[in-house]
Amino acid sequence: MTQPNGDARSWWKEAVVYQIYPRSFNDSDGDGVGDLGGVYEKLDYLDDLGIDVVWLTPVYDSPLADYGYDIRNYREILDEFGTMADWERVRDGLHERDIRLVMDLVVNHTSDEHEWFEKSRREVDPYTDYYIWREGDDGPPNNWDSMFGGPAWTYDEVRGEYYLHLFDPKQPDLNWENPGVREDIYEMMRWWLDREVDGFRMDVINFLSKPDGLPDGHPSQVVTGSEQFINGPRLEEYLWEIHDRVLSEYDAMTIGEMPGVSVEDARAYAGSDGPLDMVFHFEHMRLDSKETEEDPWDFHDWELDDLKATFTRWQEGLYPESWNALYLNNHDQPRQVSRFGDENYREESAKLLATFLHTLRGTPFVYQGEEIGMTNVPFEDVDELEDVETIRYVERMLERDDVENFEDIQDAVLYGSRDNARTPVQWSAEENAGFTTGDPWLKVNPNYTDINVEDARARPDSIWQYYRRLIDRRNEHPVLVYGQYELLAADHPQIYAYLRTNEDEQALVVLNFSTERAEFSPADHIDGEGELILANYDVPQSATLEDGLWQPYEARVYLLD
Ligand code: TEU
């Protein structure tokens with residue numbers, strides 16, 4: 001039996017990606033900000049972990065209103081991060097270690113300090129229509145909200161018109177209707193690909209197309225207007241154009257970040273015949289929040305039922321023609337162990353989550369610090385926060401009558417802020433966790449004395465060592481990469497179990513997603529014997545499928561006969 005067409009083997013399917021947020025990764029010059037020199041120092045570290053691809057979040061020149069997602073110059077490196085020569089050194093060092101490099105592509109918007117915007121607001125051709133400008137009679141041209149809260153329009157005194165920004169006012173949206181904009185973006189993409197970049201993670205790439213006439217959004221939406229600008233009318237056309245004009249000429253990996261994307265949409269955008277390789281969807285990021293107009297951060301506990309249903313829908317829905325991008329946290333989300341695991345069972349639950357991520361069909365994305373089980377951060381005051389989204393949230397909430405001070409919303413911030421993921425990587429128990437000899441730009445999580453890389457590498461049973469073994473297992477058993485997914489015991493309240501099957505092998509994954517012991521006998525659900533190939537508790541190699549009692553957050557992977 002051959003693999004179905006859509007399941008043809010590719011390097012980017014077998015890869016494990018490691019996401020670096022350079023500002024918080026490692027500081028080589030003592031200014032308190034991580035940099036490319038710091039990444040260079042850690043190349044052997046990345047190699048030892050066994051990852052195959054690095055995704056570098058934006059390192060381009062930027063005024064940092066959204067920490068680099070507001071680009072001033074696509075072809076320059078931000079001074080704080082180093083020079084183009086430093087970037088080349090990182091690229092070459094990665095390539096020497098057979099690690100590929102994926103860059104962030106932010107082309108829904110630029111910085112308002114980008115030369116194109118400076119010229120556009122002065123109506124200098126050909127840049128006059130590079131952005132989305134409208135006159136407004138008594139206020140903004142339509143009712144759309146920005147993703148960070150507040151109106152999506154800002155009045156520009158220079159031009160005397162409003163411009164659209166789906167994020168911060170310092171992030172004006174490019175006008176993709178304008179062929180000149182598209183040409184310039186394609187040229188820029190080729191410029192990087194010709195510099196041996198191995199692919200792009202494409203920021204909010206499903207926001208590119210805005211409908212003609214920019215109609216008002218439905219007021220029932222949490223972000224008013226989102227149903228208009230998410231997956232807009234010309235999106236597919238633009239993605240195909242990007243593919244045909246640029247990507248088709250290179251062996252590049254492409255991951256589209258797509259808030260609000262459904263399984264059906266994803267099949268069109270990232271099928272085996274689609275323009276992109278895979279997409280980041282957000283459905284599992286919504287399982288614990290009830291976003292409302294009043295409070296976009298209304299968090300509650302997530303349910304295992306929902307987690308199973310969501311992942312199962314994506315695992316089944318993208319088989320066999322499309323491919324999953326797998327993640328449980330990143331620079332925009334809380335730490336996974338604090339959210340989907342339990343800090344009281346930090347080591348066990350971090351390993352369980354890792355097992356989950358690496359044994360689903362798709363490409364796993366590991367976010368820096370995840371491999372040592374870094375946790376959310378006990379921020380004590382607004383002054384400790386840096387993230388624009390969090391700061392806007394706090395400002396908006398403080399305007400409400402029922403919110404008097406920071407303490408009233410502290411729980412939501414401690415749970416949900418993007419800064420949770422952005423504190424410096426904890427390298428050692430030395431001052432500032434060994435991240436910098438200077439003053440770190442964002443507070444170091446005080447738990448660095450216990451949770452750090454040095455300790456994790458020294459302990460054979462650490463989360464870090466577990467990641468290494470897990471990556472090895474995935475490399476040894478293609479069934480863990482390609483196999484078809486089948487959910488078992490769908491209604492079990494604690495256990496999440498599934499099979500992975502291809503023509504040569506079958507694997508069984510059992511995860512106790514709870515703080516209680518669980519009863520579950522795999523033998524009730526499958527025939528045959530199994531060989532244990534990975535476990536996060538010390539269980540004998542001879543453990544059988546009849547075994548019925550599972551420890552809190554216990555995870556096991558069996559290869560079946
Ligand atoms: O994020 C897109 C996005 O939708 C975020 O607003 C996300 O939903 C939110 O932060 C969750 O709390 C991308 C980048 O990853 C993010 O860092 C940028 O701020 C944003 O685009 C704008 O470029």
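The text that follows walks through the structure, step by step, so that each part is easy to find. For every chain, the first residue of its written sequence is number 1, and the numbers climb from 1 along that sequence. A pLDDT threshold of at least 70 governs which residues receive local features in this predicted model, and a stricter bar of 80 or more applies before side-chain atom pairs are shown or counted, although totals over entire chains, interfaces and linings include all residues. As a rule here, side-chain values come from all non-hydrogen atoms in the structure, and water together with hydrogens is ignored.

Re the overall build of the protein chain
Regarding its fold elements, the protein chain presents 18 helices and 20 strands. Each radius of gyration is computed over the set of C-alpha atoms, and the globule rule expresses the reference value as 2.2 Å times the number of residues to the power 0.38. Rg of the C-alpha trace for the protein chain: 23 Å, near the compact-globule value of 24 Å for 561 residues, within the 12% margin. With the C-alpha coordinates aligned to their principal axes, the bounding extent of the protein chain is approximately 75 × 55 × 50 Å. Partly exposed describes any residue whose relative accessible area lies between the buried limit of under 20% and the exposed limit of over 50%, with all areas from a 1.4 Å probe on protein chains only and scaled to the type maximum. Put simply, the protein chain has 561 residues, and 61% of those count as buried. In DSSP terms, a helix is any run of H or I states spanning at least four residues, a strand is any run of E spanning at least two, and both are numbered starting from the N terminus.

A closer look at the side chain of Thr-355
Relative to the helices and strands, Thr-355 resides in helix H12 (residues 346-358). What Thr-355 contacts, discounting residues up to four positions off in sequence, is Tyr-466, Leu-470, Tyr-498, Val-509, Leu-511, Ala-555 and Val-557. When checking whether two residues touch, look at their non-hydrogen atoms; a contact exists if any pair is within 4.5 Å.

Considerations on the site of the ligand
Whether a residue is near a molecule or strand is decided by its heavy atoms; if any one of them lies within 4 Å of it, the residue is near. In the vicinity of the ligand, 19 residues are found, and the nearest of them are Asp-66, Asp-203, Asp-332, Glu-389 and Arg-418. Residue Asp-66 places a side-chain N or O atom 2.5 Å away from an oxygen atom belonging to the ligand. One of the side-chain nitrogen or oxygen atoms of Asp-332 is found 2.5 Å away from an oxygen atom of the ligand. Looking at the shell around the ligand residue by residue, the classes come out as 7 nonpolar, 4 polar and 8 charged. Pairs of N or O atoms are called polar contacts if they sit within 3.5 Å, as long as, within protein, a hydrogen donor faces a hydrogen acceptor (for residues adjacent in sequence, only side-chain-to-side-chain pairs). Note that Gly is not counted as nonpolar here; it falls among the polar residues with everything else outside the nonpolar set of Ala, Val, Leu, Ile, Met, Phe, Trp, Tyr, Cys and Pro and the charged set of Asp, Glu, Lys and Arg.

Describing the environment of Gly-139
As for its position among the elements, Gly-139 is in the loop between strand E6 (133-134) and strand E7 (153-156). With relative accessibility at 14%, the residue Gly-139 sits in the buried group. For the pair Gly-139 and Tyr-162, spaced 23 residues apart in sequence, the C-alpha separation works out to 8.7 Å.

Structural notes on the side chain of Arg-422
Summarising the element assignment, Arg-422 is placed in helix H15 (residues 419-422). For Arg-422, a relative accessible area of 1% gives the class buried. Once residues lying within four places of it in the same chain are set aside, the contact partners of Arg-422 are Tyr-21, Ser-24, Tyr-67, His-331, Asp-332, Tyr-367, Asp-387, Trp-441 and Leu-442.

A look at the pattern of salt bridges
For this analysis, a salt bridge means a side-chain nitrogen from Lys or Arg found within 4 Å of a carboxyl oxygen belonging to Asp or Glu. Applying the stated criterion across every chain yields a total of 43 salt bridges. In this structure, Arg-418 engages Asp-66 in a salt bridge whose closest nitrogen and oxygen atoms are separated by 3.0 Å. Placement of the pair is Arg-418 in the loop between helix H14 (406-416) and H15 and Asp-66 in the loop between strand E3 (60-61) and strand E4 (73-77), with a sequence separation of 352 residues. Assigned by exposure class, Arg-418 and Asp-66 land together as buried. For Arg-339, the salt bridge identified is with Asp-288, shortest N-O distance 2.8 Å. With Arg-339 in helix H11 (residues 336-339) and Asp-288 in the loop between strand E11 (278-280) and helix H10 (304-317), this residue pair connects regions lying 51 residues apart in the sequence.

Details of the environment of Gln-484
By the secondary structure assignment, Gln-484 is in strand E14 (residues 484-488). In this structure the C-alpha to C-alpha distance between Gln-484 and Glu-316, which are 168 residues apart in sequence, comes to 8.1 Å.

Focus on helix H13 (residues 388-398)
The α-helix winds at 3.6 residues per turn, so residues separated by three or four positions along the chain end up facing the same way. When H13 is considered as a whole, its buried residues turn out to be Val-388, Glu-389, Thr-390, Tyr-393, Val-394 and Met-397. Against the buried residues of H13 lie H14.

Describing the nonpolar core
Ranked by size, the top nonpolar core spans 153 residues in total, and within it Leu-46 and Ile-185 carry the most contacts. It is helix H6 (residues 179-193) that contributes the most residues to this core, 7 residues altogether. By nonpolar core is meant a set of buried Ala, Val, Leu, Ile, Met, Phe, Trp, Tyr and Cys residues that side-chain atoms within 4.5 Å join together. Counting residues in hydrophobic clusters, the runner-up holds 17 residues, among them Ala-497, Leu-508, Ile-526 and Leu-545.

Structural notes on the sheet that holds E7
Here the rule is simple: two strands pair whenever DSSP picks up at least two bridges between them. On the basis of which strands lie adjacent, the open sheet formed by 3 strands has the order E6-E8-E7 and antiparallel pairing. Edge strands, defined here as strands with exactly one partner in the open sheet, are E6 and E7. Sheet topology note: the E7/strand E8 (residues 161-164) ladder contains 4 bridges and is antiparallel. Residue Thr-154 lies in a different strand from E8, and its bridge partner there is Tyr-163.

Topic: the sheet that holds E14
Within a beta sheet, neighbouring strands are joined by backbone hydrogen bonds and run either parallel or antiparallel to one another. Pairing in this open sheet of 5 strands is antiparallel, and the strands run E14-E15-E16-E20-E18 from one edge to the other. Single-partner strands in this sheet number two, and they are E14 and strand E18 (530-535). Averaged over all pairs of adjacent strands, the angle between strand axes in this sheet comes to 25 degrees, irrespective of strand direction. Sheet topology places strand E16 (residues 506-512) next to strand E20 (residues 555-560); 6 bridges connect them, and they run antiparallel. Across the sheet, the residue bridging to Gln-506 is Leu-560, located in E20. Fitting a line to C-alpha atoms yields each axis, with helices limited to the stretch in contact; the angle taken between N-to-C directions then spans 0 to 180 degrees. With respect to the sheet, H10 is in contact with E14 and strand E15 (495-501), its orientation differing from that of E15 by roughly 15 degrees.

Some words on unusual backbone geometry
Across the junction of Asp-125 and Pro-126, the peptide omega takes the value 5 degrees, indicating a cis bond. When you line up the elements, Pro-126 lands in the loop between helix H5 (115-121) and E6. Cis geometry is found at the peptide bond from Tyr-319 to Pro-320, where omega equals -5 degrees. Mapped onto the elements of the fold, Pro-320 is located in the loop between H10 and strand E12 (325-326). Of note, the phi angle at Glu-196 is positive, near 65 degrees, even though the residue is not glycine. Along the polypeptide, Glu-196 turns up in the loop between H6 and strand E9 (199-202).

A closer look at the packing of aromatic side chains
Stacked, tilted and edge-to-face are the three classes assigned to paired rings of Phe, Tyr and Trp, where Trp is represented by its six-membered ring and a pair needs centres within 6.5 Å; plane angles under 30 degrees give stacked, over 60 edge-to-face, the rest tilted. Per the counting criterion, the structure on display carries 41 aromatic pairs. Relative to Tyr-131, the ring of Phe-117 lies with its centre 4.9 Å away and its plane at 90 degrees, an arrangement referred to as edge-to-face. Remark: Tyr-131 occurs in the loop between H5 and E6 and Phe-117 occurs in helix H5; sequence separation between them is 14 residues. In this structure Tyr-131 comes out as buried when scored by relative accessible area, which is 2%. Here Trp-144 and Phe-229 contribute two aromatic rings whose centre-to-centre distance is 5.5 Å and whose plane-to-plane angle is 55 degrees, an arrangement assigned as tilted. Of this pair, Trp-144 sits in the loop between E6 and E7 while Phe-229 sits in helix H7 (residues 226-229), and the two are 85 residues apart along the sequence. As far as burial versus exposure is concerned, Trp-144 and Phe-229 are alike and both buried. Every member of this aromatic cluster is reached through a ring pair, and the members are Trp-302, Phe-311, Phe-340, Phe-356, Tyr-485, Tyr-496, Tyr-498 and Phe-513. The aromatic ring of Trp-441 is capped on one face by Arg-23, whose charged end is 4.7 Å from the ring centroid. For a Lys NZ or an Arg CZ to count as sitting over a ring, it must be within 6 Å of the ring centre and within 35 degrees of the ring normal. In this structure, Arg-89 packs its charged tip against the face of Tyr-40, placed 4.2 Å from the ring centre.

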